[in-house]
Amino acid sequence: MNSLTLALIGVAMILAGYFLYSKFLAARIYALDDSRPTPAHEFQDGVDYIPTNKFVLWGHHFTSVAGAAPIVGPAVAVIWGWLPAFLWVTIGTVFFAGMHDLGALWASLRNKGQSIGALSGRYIGARGRNLFLVVIFLLLLMVNAAFAVVIGRLLISTPTAVIPTWGALLVALLVGQAIYRLKWGLPLVSVVGVVALYALIWVGDQIPLALPETVLGLPALSAWIVLLFLYAGIASMLPVWVLLQPRDYINGLQLFIALGILYGSVLLARPEIVAPAYNENVPAGTPSLVPLLFVTIACGAISGFHGMVSSGTTSKQLAKESDARFVGYFGAVGEGLLALGAIIATTAGFATLADWEAVYQAFNDGGVAAFVEGGGAIVNAGLGLPTSLAATVMATTAILFAATTMDTGVRLQRFVVQEIGEIMGVGLGKVVATVIAVGVALLLTFGAGADGSGGMLIWPLFGTTNQLMAALTLSIISIMLIRRGRTPLPALIPLVFVGAMTIYALFIQLGTFWDTQNWLLLVLDVIILVAALWVIVEAFAAMRRAKDFQGEDDAEVAMVDAGRRRDGD
């Protein structure tokens, strides 16, 4: 198949979901209402709670949720063929991810900006909340530690990306000042910021930078990881308008332009997809497609991490409820388009099937490197950019996605540490909580790998933990809908499917860890499995009880009924 055909079908499916299904969800399921004050207005503090322009907030949300995972997952999963990955990304984005992300944002909005972890205490119970926090803590630990390693490796393998990666911080600081202090118009800020970022990419391609082999006795990878965590820890304590919002907004624009470059190159070059639609000749040791496809591609189809961002930072910045559709659902659309682009780059970015098979010799051989190589080749063929510059654009895109997710991940981990402290009766300030969050991630990163590669140690559990988090979030959304007398099916169907596939995958992983005598992952797998199963049982029990609480928000129910009458139902 030609890659252009696949791109057109995929983009049309995903955008149709936004223009049709998200409208249904916003009006009939979530009943978004601009007359309700949002937490950003109720608790405005200039640090975490700030009413924000929906386009700026979308930039923060999109780049926070769209880390390296929507590139890595599809780039690995195409080993089973491009068709299964394509179907899961497109259908998952429309009916799973968009519903989940918008739902988590709505749930937090209706509960004073509380996180999903805190909401589990109200809707499932104290025991469920405690187990929920275990899953959340481990998921954030995986994200922060692993993404630091991914970014560090890319900065070493692609030294031309060093200047644009770190230069983007200065651009973000200036953008924040321009928006909030100098009151520049958003169009002007956007143009100046994007031009500055792409100028940095050009400069970086001309002036590659690399650390020495050792820095203060640390290998180059370790030095990059320490610098990344130092930056992320400081950034997580700053007011969101100073760095987090403007960095994510301007990166979001740059990243969408990068996607435009990739899709535009597909339009012009129209490369053929060389990988098989369904690969019947997978390398030895490749796990079965079912259920592993559905946890290998998490971000890009549905991701529990998104619910944590929606309820952890985004809900505290939403200016009005109707913005949730654009910020939440369209944020999932952006990630779906990135995952689709990763599928195309890693299946049509190679000259022949033999070249593709040379990269995909084993499961997990694909990934960011395959995306950079394949995407760079397509951009080179479509737009005629020099190979080095095209690779710099793709590498910078991947790094900025991962870095903005790490920024938000450390801030969320700080919130979780503070919540755990409250449960234990210990008040933790943001500095202490941040030190604990960063310290645990560094302990994993260096304690399990002297060169700093230990951050990838528990990555095999990321997909399953992430999808379990999505199922748990959907359970809370389902309970809230039942309490309000609305159909929970849009949340319940994805909950049952994702929950079943993930638990199946966890049992398969248990066997693998036992066979390889990987006791650490085996123990963590058991902890996650037991905690998740316990919470799910508690959640379904809460669903049965939820009908007793119907009408808890009579004004909201009455508004939905009035809307249905206006629509002629």
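Residues numbered from 1 in each chain as written. Predicted model: local features only at pLDDT ≥ 70, side-chain atom pairs only at ≥ 80, totals over all residues. Heavy atoms only, no water.

**Q** Can you help me understand a nonpolar patch on the surface in this one?
**A** Taken together, the side chains of Ile9, Met13, Leu83, Leu87, Ile91 and Phe95 present a nonpolar region at the surface, about 460 Å² in accessible area. Sorting the residues of the nonpolar patch by element identifies α1 (3-29) and α5 (82-109) as the ones contributing at least two each. At 4 residues, the largest contribution of residues to the nonpolar patch is made by α5. One can find isoleucine 9 in helix α1. Its relative accessible area of 39% is what places isoleucine 9 among the partly exposed residues. (Patch = residues over 30% accessible without salt bridge, like charges linked within 9 Å, V, L, I, M, F, W, Y side chains within 5 Å. Areas by Shrake-Rupley, 256 points an atom, 1.4 Å probe, with all protein chains shown as cover. Salt bridge = Lys/Arg side-chain N within 4 Å of Asp/Glu carboxyl O. Helix = DSSP H or I, 4+ residues; strand = E, 2+ residues; numbered from the N terminus. Buried < 20%, exposed > 50% of the residue type's maximum accessible area, 1.4 Å probe, protein only.)

**Q** Would you mind going over the pattern of salt bridges with me for this structure?
**A** Any two side chains of opposite charge can pair, given that their charged atoms come close. Inspection of every chain in the model, using the stated rule, returns 4 salt bridges. Note that arginine 411 is salt-bridged to aspartate 48, the shortest N-O span being 3.0 Å. One end of the pair, arginine 411, is in helix α17 (residues 387-423); the other, aspartate 48, is in the loop between α2 (39-42) and α3 (54-65), and 363 residues separate them in sequence. With relative accessibility at 14%, the residue aspartate 48 sits in the buried group.

**Q** What is the right way to read the packing of helix α6 (residues 116-123) against helix α19 (residues 462-483) from this model?
**A** Each pair of packed helices can be summarised by the angle the axes make with each other and by the distance between the axes. As a packed pair, α6 and α19 sit with axes 10 Å apart at the nearest point and diverge in direction by 45 degrees. Comparing their axes, α19 and α6 come out oblique. Considering the relative orientation of α6 and α19, their crossing is left-handed. Contacts between α6 and α19 pair Ile116, Leu119, Ser120, Arg122 and Tyr123 from the former with Met469, Thr473, Ile476, Ile479, Met480 and Arg483 from the latter. Here the contact of α6 with α19 is composed, by residue class, of 7 nonpolar, 2 polar and 2 charged. (Axes fitted to C-alpha atoms, helices over the stretch in contact; angles between N-to-C directions. Parallel < 35°, antiparallel > 145°, perpendicular 65-115°, else oblique. Left-handed = near helix turned anticlockwise from the far one by under 90°. Contact = heavy atoms within 4.5 Å. Nonpolar A, V, L, I, M, F, W, Y, C, P; charged D, E, K, R; others polar.)

**Q** Explain the packing of aromatic side chains here, please?
**A** In total, this model carries 22 aromatic pairs according to the counting rule given. Ring centres of tryptophan 88 and phenylalanine 96 lie 5.4 Å apart, and the angle between their planes is 75 degrees; on these two criteria the pair is classed as edge-to-face. The pair formed by tryptophan 88 and phenylalanine 96 is uniform in burial state, with each residue classed as buried. Positioned over the ring face of phenylalanine 326 is lysine 54, at 5.3 Å from the centre of the ring. One cation-aromatic arrangement involves arginine 325 over tyrosine 18; the distance from NZ or CZ to the ring centre is 4.4 Å. (Phe/Tyr/Trp six-rings, centres within 6.5 Å; stacked < 30°, edge-to-face > 60°. Lys NZ or Arg CZ within 6 Å of the ring centre and 35° of its normal.)

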